[in-house]
Amino acid sequence: MATPVRVVAATGLCAGFVLAGCGSNDNSASSTSTTTASGTAAPVGCGQAASQVLASGSSAQANAMSLWTNAFMAACPKADINYKASSSGEGITAFTQGTVAFAGSDTPLSPSEVQASKQACTGGRGIDLPMVGGPIVMGYNLPGIENLVLDAPTAADIFTGKITQWNDPAISKLNPGASLPAQAIQSFHRSDDSGTTQNFGLYLGKAAPAQWPYPPGKPWPAPGGQAAAGSSGVAAQVKQVAGSIGYFELSYASSQSIPTVRLATGAGAPVEASPASASKAIAQAQPAGTGSDLALNLDYTTKAEGAYPLVLITYEIVCDTGNAKPTLSTVKAFLDYTASPAGQDILTKAAYAPIPEAVIAKVRKTIETLS
């Protein structure tokens with residue numbers, strides 16, 4: 001079920017953030033310090049942030065958004081960031097309809113979505129700002145089995161229902177010495193239109209095209225399996241059902257202690273999902289957007305040592321021009337914080353991967369130009 005992220009004090013995930021003395025960035029802006037994950041004090045520029053901002057979309061970034069909103073609103077008490085974690089598809093729809101100030105999406109806007117965004121962005125269009133990265137993991141529930149290894153073809157055969165037992169020869173070959181049970185596999189996928197699904201499909205389609213013939217899209221395309229709403233819903237099912245496997249972001253696996261698959265990529269050793277291994281893969285992404293749009297093309301077939309290729313980038317989608325004036329200052333201040341060194345630094349607290357500096361520096365410059 002979609003849940004709003006709206007926290008007005010530094011509690012829970014953000015208990016480590018503390019307020020320090022106030023200063024000023026310029027004649028019209030105020031700033032407050034937070035303590036980053038590395039223990040370094042860093043300013044949060046509030047500027048003229050003094051309005052309520054509604055946003056929605058990607059559930060992949062829900063845990064990151066919780067960290068960001070808690071820290072930002074603790075530093076800027078006149079601001080209220082209300083992010084509804086639903087799905088990338090719902091977020092984009094809300095954005096193009098003009099009901100939210102920005103949306104989170106795990107895939108860049110499509111050409112048709114860019115065209116639709118022009119209705120909400122007076123004189124402008126929606127643009128993609130890469131803000132948070134992270135591994136998509138295949139979490140599994142198989143008591144007694146640790147460090148399970150799969151490759152893309154085997155994973156594709158599992159999620160299309162061609163491999164139905166955990167002791168299948170293809171799985172056994174990748175896990176020599178493991179006592180895999182003669183137990184039925186129960187796979188779970190997203191029931192809602194999801195950028196996580198689209199990125200999972202992109203990975204399988206690029207790394208195992210013979211086994212995964214489906215074009216990438218936000219709806220789940222393959223037959224069989226069971227569906228659950230949101231990454232949290234899929235993770236909850238995997239946590240509860242013995243013999244199950246599903247895909248979701250590493251942050252959900254980490255918070256619920258769900259074991260995750262290591263990927264055989266063709267590198268010297270299978271790669272474990274982590275912020276560091278995801279960052280190595282994201283660093284190889286190539287620009288795909290033009291102008292102020294900063295969409296990226298990921299390399300899902302990389303064999304670089306220590307690079308985990310099953311990653312996604314969540315974009316904050318905002319108007320380049322034509323943003324609603326009552327919320328523009330707050331949106332810019334908040335996004336500027338999320339793209340700042342302090343905002344990126346805290347991502348590893350929730351098992352996310354910061355965006356490489358060469359890219360996030362461009363994001364910060366673009367945020368300055370929003371109007």
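Above this note sits the structure.
What counts as what
- Think of each chain on its own: its residues are numbered from 1, step by step along the sequence as written.
- With the structure being a predicted model, the display of local features is reserved for residues of pLDDT at least 70 and the display and counting of side-chain atom pairs for 80 or more, all residues being used for whole-chain, interface and lining totals.
- For side-chain calculations, the full set of non-hydrogen atoms in the structure is used, while hydrogens and water are omitted.
- Throughout, nonpolar core names a set of buried Ala, Val, Leu, Ile, Met, Phe, Trp, Tyr and Cys residues whose side chains join them through atoms within 4.5 Å.
- Accessibility here uses a 1.4 Å probe with only protein chains present; expressed as a share of the type maximum, an area under 20% marks a residue as buried, one over 50% as exposed, and anything in between as partly exposed.
- Runs of E in the DSSP output that reach at least two residues are strands. Runs of H or I that reach at least four are helices, and both are numbered from the N terminus.
- In what follows, a contact means two residues having at least one pair of non-hydrogen atoms within 4.5 Å.
- For this document, the term salt bridge refers to a Lys or Arg side-chain nitrogen within 4 Å of an Asp or Glu carboxyl oxygen.
- Only a pair of cysteine sulfur atoms within 2.5 Å qualifies as a disulfide here.

1. Topic: the nonpolar core
Consideration 1: Judged by nonpolar contacts, the single largest core of 113 residues is most densely connected at Trp 68, Phe 72, Met 138 and Ile 245.
Consideration 2: Among the elements that line this core, the one with the most residues is helix 1 (residues 62–75), at nine residues.

2. What about the side chain of Gln 344?
Consideration 1: With respect to the helices, strands and loops of the structure, Gln 344 is situated in helix 11 (residues 341–345).
Consideration 2: In contact with Gln 344, not counting residues within four places along its chain, are Trp 68, Met 131, Thr 338, Ala 339, Pro 354, Ile 355 and Ile 360.

3. Section: the pattern of salt bridges
Consideration 1: Counted according to the given criterion, the structure contains four salt bridges.
Consideration 2: Residues Lys 218 and Glu 113 are paired through a salt bridge, measuring 3.9 Å at the closest nitrogen-oxygen approach. Placement of Lys 218 in the loop between helix 6 (195–207) and strand 11 (226–228) and of Glu 113 in helix 3 (residues 111–117) is noted, with a sequence separation of 105 residues between them. Just as Lys 218 is buried, Glu 113 falls in that class too.

4. Examining the state of the cysteines
Consideration 1: Counting across every chain of the model gives two disulfides.
Consideration 2: The disulfide partner of Cys 46 is Cys 76, and the gap between their sulfur atoms is 2.0 Å. Of note, the bridge from Cys 46 to Cys 76 carries an S-S torsion of about -90° and is left-handed in sense. Here Cys 76 lies in the loop between helix 1 and strand 6 (80–85) and Cys 46 lies in strand 4 (residues 41–47), a separation of 30 residues in the sequence. Residues Cys 46 and Cys 76 agree in their burial class; the two are buried.
Consideration 3: Disulfide pairing is shown between Cys 121 and Cys 319; the S-S distance is 2.0 Å. Linking Cys 121 and Cys 319, the disulfide has an S-S dihedral of approximately -75° and is accordingly described as left-handed. Of the two residues, Cys 121 sits in the loop between helix 3 and strand 8 (126–140) while Cys 319 sits in strand 16 (residues 311–319), which places them 198 residues apart along the sequence.

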